[in-house]
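# A closer look at the structure
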Amino acid sequence: MGIAVAAGFIVVETLLVYPLGRAAPMGALAVVYLPGVLVVSIVWGLWLGVGTSIVSAFAFDFFHTPPVWSFDAEDWRDWLGLSVFLITAGVASSVAQLARRRALETVERRRESDAVAQLTRLILDADDVRAVLPAASDRIAHAMQLPHAEIVLDAVPPRDGRIQLPLRPGALVVPADLPDRVMQRLRDGVVPGLATVLRAAGTLQASRAELHALLAQQAALRRVTELVAHGVAPAELAAAVAAETAELFASDAARVMRREGPSTVSVVAEYSRTGAEPMLGRRFGSSGGVVGLVLRDSRPARMDSYEGRSGPLTDLARAEGIHASAAAPIIVDGLVWGVLVALWSAGPLPPGIEHELAQFTKLVATAIANTESRTQLTASRARLVFAEDEARRGIERELHDRVQQRLVSLGLELRAAEALVPQEAGELRSRLMDTAAGLSGAFEELQRIVRGIHPAILSQGGLVSAIKALARRCPVPVAVRGRPDRQLPGCVEVAAYHVVSEGLASSAAHPDTSAIDVELDIVAGRSAADESVQCEVLSVTVHDDGAGGADLYPSSGLAGVRDRVEALGGTLTLTSPAGRGTSLNVTLPMKGHDRQGTEAGWSFSGT
């Protein structure tokens, strides 16, 4: 192709000299042959350019230098002209070839730069560097016009016909028979840039992994914090912490354990992927394992291997296929309340993981402290209510057994004395009659006061009988529906009695009320003190058809009733839309009431 192009240029240039010879000296027209020499030299190399120069010189001398159509080898002028043209053409060919090499080097360097830039974008944008190494190797092979290339990050054994150019980390594996110029370009241009990109990618990938881990940890902490803020039941919070711990740290199991003694713990929440038997509620000795270390030192601990160790929890972990664990103490009011432990089937564990667990234990400790404070407050309020009821019952018993009986005796004695007075002592007889009537009125007033303190009918006939007695004394017709099918705790009966009493009084005080309904029922529900505890509750509803618009004013009797209900772990709801009557609904848990009050604690029923 080069020879054909050179011949074409020579023919065209020779013919072009004929018309140009009329306007310019013939000696100056030798320059017409230079474009062909330059083009051939640039494209096909120096030697073909030199050959084109020689043929062009002979053509110019033969066709255009007098005597034309001949070449006189003895004429020095022909040789001089030929020599000058050859030197000029040779210099031009050399310059053109140099420019060609410079241009090729520029193209190659630009191609190398583009390849490194593409590799930089490809590798740095990838979440997994190893996944894009095949594509990066293909781009290097294409850019450097190599038969094949391979980027490896791990050590590979030497292979025949291959050479490894170190990248640190890894190496670039290329054919060993590459030209020296190409190998030099790889060492000087590609390898340094590729090594820098791989190191940057490794650092970036590590930073991304740390950022993702931090974001995951913060998200888990936020979810647990929301549960703490919403005041969920302790068992529900502990279960959520166990699940979040297992998910965040990729552990095979996680457990929240409560300290029951110096070397005894119980499982209050767990999350497991091993499919092992549930341990919820069971007690274990803590010696020999990571839990024992935490309880002993009151600080986070880890155990990368159970080899050479024994103990109840250690033996249990081995049975579940667990070989490593980390734990952190749950400290409440300066004392170790329990332990949060995460377990793995393989070790060793990442450094510092036991201290990361402590982030969750702080939230659990806060929730436990809040719950126990709330539990103690509820129990204290319940004990006050119980003590008040006991005091009322004692006062009622004293008044009934002593004062009322004494008044009855005095009344009978006055009637007897009145019968002994003769008819002629009319004034004395009249005074005795008035005194007996006054004493009878005082007795009735005392009975009314006693019923307000603690109605005797409540202890004798039960809640339904006491409420029906209230209904009979109410100036507004009252319908009582429902009858509990079992004996109710005393404090529940007293609270329900006061609810109905205050509800009837509040409804009857409005002139628009013409009828009142009282409903009693035992339904399934939850304790307000601990929503995780399911129990039966007594539902009491007082509904009237009045004008509505009632409210729980702090100074009203209903506000005091609400305090009594909430102290027993119940709820009070007042609904009073204008023109649609008033409904007072109260729920009272029927479990957990004794002389110590309501005790809310950790429930082991659930996941």
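Residues numbered from 1 in each chain as written. Predicted model: local features only at pLDDT ≥ 70, side-chain atom pairs only at ≥ 80, totals over all residues. Heavy atoms only, no water.

### Quick look at the nonpolar core
Soluble globular proteins tend to bury their nonpolar side chains together. Using the following cut-off: What we call a nonpolar core is a set of buried Ala, Val, Leu, Ile, Met, Phe, Trp, Tyr and Cys residues that are connected through their side-chain atoms within 4.5 Å. Exposed residues in this analysis have more than 50% of their type's maximum accessible area, buried residues have under 20%, and partly exposed residues fall in between, with area computed by a 1.4 Å probe over protein chains only. Helical segments are the DSSP runs of H or I of at least four residues, strand segments are the runs of E of at least two, and each set is numbered from the N terminus. Should any heavy atoms of two residues lie within 4.5 Å, those residues are counted as being in contact.
Formed by 36 residues in total, the largest nonpolar core has its most connected members in Leu-463, Val-500, Leu-538 and Leu-588. For this core, the secondary structure elements donating two or more residues are helix H13 (463–473), helix H14 (490–508), strand E11 (516–526), strand E12 (534–544), helix H15 (557–567) and strand E14 (582–589). Counting residues per element, this core draws most heavily on H14, at nine residues. Discounting residues that sit within four places of it in the chain, Leu-463 has contacts with Leu-458, Leu-488, Glu-493, Ala-496, Tyr-497, Leu-520 and Leu-538. Residues Ala-254, Leu-340, Ile-353 and Val-364 belong to the second largest nonpolar core, which totals 35 residues.

### Things to note about empty space enclosed by the protein
Quick note on the threshold: Put plainly, a pocket is an open set of points on a 1 Å grid over the protein atoms alone with protein on both sides within 12 Å along at least five of seven lines, a cavity is a set where a 1.4 Å probe fits but cannot get out, and a lining residue has an atom within 4 Å of a point. Grid points are joined across faces, edges and corners, and a volume is the space filled by probe spheres set on the points. Each residue gets one of three labels, nonpolar for Ala, Val, Leu, Ile, Met, Phe, Trp, Tyr, Cys and Pro, charged for Asp, Glu, Lys and Arg, and polar for the others, Gly among them.
In this structure the tally under the stated criterion is three cavities of 30 Å³ or more. Lining the largest cavity are 16 residues, with Ser-506, Ser-507, Asp-544, Ala-550 and Thr-582 sitting closest to its centre. Looking at the lining of the largest cavity, the elements with two or more residues in it are H14, E12 and E14. Along the lines of polarity and charge, the residues of the lining of the largest cavity split into six nonpolar, nine polar and one charged. In this structure, the second largest cavity encloses a volume near 100 Å³. Forming the boundary of the second largest cavity are 13 residues, of which Val-291, Tyr-306, Leu-313, Ala-317 and Leu-343 lie nearest the centre. Elements with a contribution of two residues or more to the lining of the second largest cavity: strand E4 (253–261), helix H8 (290–297), helix H9 (312–319) and strand E9 (335–344). Top contributing element to the lining of the second largest cavity by residue count: H9, with four residues.

### As for a nonpolar patch on the surface
Applicable threshold: For patch detection, residues must exceed 30% relative accessible area and be free of salt bridges, and they are connected within 9 Å for like charges or within 5 Å for nonpolar side chains (Val, Leu, Ile, Met, Phe, Trp, Tyr). Computed with the Shrake-Rupley method and a 1.4 Å probe, the accessible areas treat only the protein chains shown as cover for residues. One side-chain nitrogen of Lys or Arg within 4 Å of one carboxyl oxygen of Asp or Glu is enough to make a salt bridge.
On the surface, a cluster of nonpolar side chains totalling about 530 Å² of accessible area is made up of Met-1, Leu-38, Val-39, Ile-42, Val-43 and Trp-44. For Leu-38, a relative accessible area of 31% corresponds to the partly exposed category.

### A look at the side chain of Thr-513
Our working rule: Here a polar contact means two N or O atoms within 3.5 Å. Within protein one must be a hydrogen donor candidate and the other an acceptor candidate, and residues neighboring in sequence count only if both atoms are side-chain atoms.
Mapping Thr-513 onto the fold places it in the loop between H14 and E11. Overall, Thr-513 belongs to the buried group, its relative accessible area being 10%. In this structure the side chain of Thr-513 is engaged in a polar contact, spanning 3.0 Å, whose partner is the backbone oxygen of Ser-507. Residues contacting Thr-513, with those up to four places away along its chain left out, are Val-476, Ser-507, Asp-544, Asp-545 and Gly-546.

### Quick word on the environment of Asp-315
Among the structural elements, Asp-315 can be located in helix H9. For Asp-315 and Gly-288, which are 27 residues apart along the polypeptide, the C-alpha to C-alpha distance reads 9.4 Å.

### Structural notes on the pattern of salt bridges
Scanning the model with the defined rule gives 10 salt bridges in all. Residues Arg-296 and Asp-297 are paired through a salt bridge, measuring 3.0 Å at the closest nitrogen-oxygen approach. Judged by its relative accessible area of 33%, Asp-297 is partly exposed. For Arg-302, the salt bridge is made with Glu-354, and the minimal N-O distance between the two is 3.3 Å. With Arg-302 in strand E7 (residues 301–303) and Glu-354 in helix H10 (residues 353–420), this residue pair connects regions lying 52 residues apart in the sequence. Residue classification places Arg-302 among the partly exposed residues on the basis of a relative accessible area of 24%. For Glu-354, a relative accessible area of 10% puts it in the buried group. Three or more residues joined by partner-sharing salt bridges are found here, namely Arg-255, Glu-270 and Glu-320.

### Thoughts on the sheet that holds E9
The following threshold applies: Note: two strands are recorded as paired if DSSP finds a minimum of 2 bridges between them. Between the N-to-C directions of two axes lies an angle of 0 to 180 degrees, each axis being a line fitted to C-alpha atoms and, for a helix, fitted only over the stretch in contact.
The strand order E6-E5-E4-E9-E8-E7 describes an open sheet built from six strands, whose pairing is antiparallel. Only two strands of the sheet have a single neighbouring strand rather than two, namely strand E6 (283–285) and E7. Strand-to-strand, the axes of this sheet are offset by a mean angle of 30 degrees, without reference to chain direction. In the sheet, E4 pairs with strand E5 (residues 264–272) via eight bridges, with the strands oriented antiparallel. Looking across to E5, one finds that Gly-261 is bridged to Thr-264. Packed on one face of the sheet, helix H7 (residues 234–248) meets E4, E5 and E9 and runs near 60 degrees to E5.

### Side note on the sheet that holds strand E2 (residues 162–166)
The strands that make up a sheet are held in pairs by hydrogen bonds between backbone atoms, and each pair lies either parallel or antiparallel. Read across the open sheet, the three strands follow the order E1-E3-E2; overall the sheet is antiparallel. In this open sheet, the two edge strands, each paired with only one partner strand, are strand E1 (150–152) and E2. The mean angle between the axes of side-by-side strands here comes to 30 degrees, regardless of whether they run parallel or antiparallel. Where E2 and strand E3 (residues 171–175) come together, five bridges link them in antiparallel fashion. Paired with Arg-162 across the bridge in E3 is Pro-175. Against the sheet, helix H5 (residues 129–143) contacts E1 and E3, and its axis sits at roughly 140 degrees relative to E1. Strands E1, E2 and E3 of the sheet are contacted by helix H6 (residues 180–229), whose axis makes an angle of about 50 degrees with E2.

### Quick notes on the side chain of Arg-255
Mapped onto the secondary structure, Arg-255 falls in strand E4. A residue is classified by how much of its surface remains accessible, and Arg-255, at 5% relative accessible area, is buried. Of the polar contacts made by the side chain of Arg-255, one reaches the side chain of Glu-270; its length is 3.4 Å. Here Arg-255 is in contact with Val-267, Ala-269, Glu-270, Met-279, Glu-320, Val-339, Leu-340, Val-341 and Leu-343, once residues within four sequence places are set aside.

### Quick notes on unusual backbone geometry
In this structure, Ala-250 takes a positive phi of about 55 degrees despite not being glycine. Looking at the element boundaries, Ala-250 is found in the loop between H7 and E4. Positive phi outside glycine occurs at Ser-298, with the angle close to 60 degrees. The exposure class of Ser-298 is partly exposed, given its relative accessible area of 35%.

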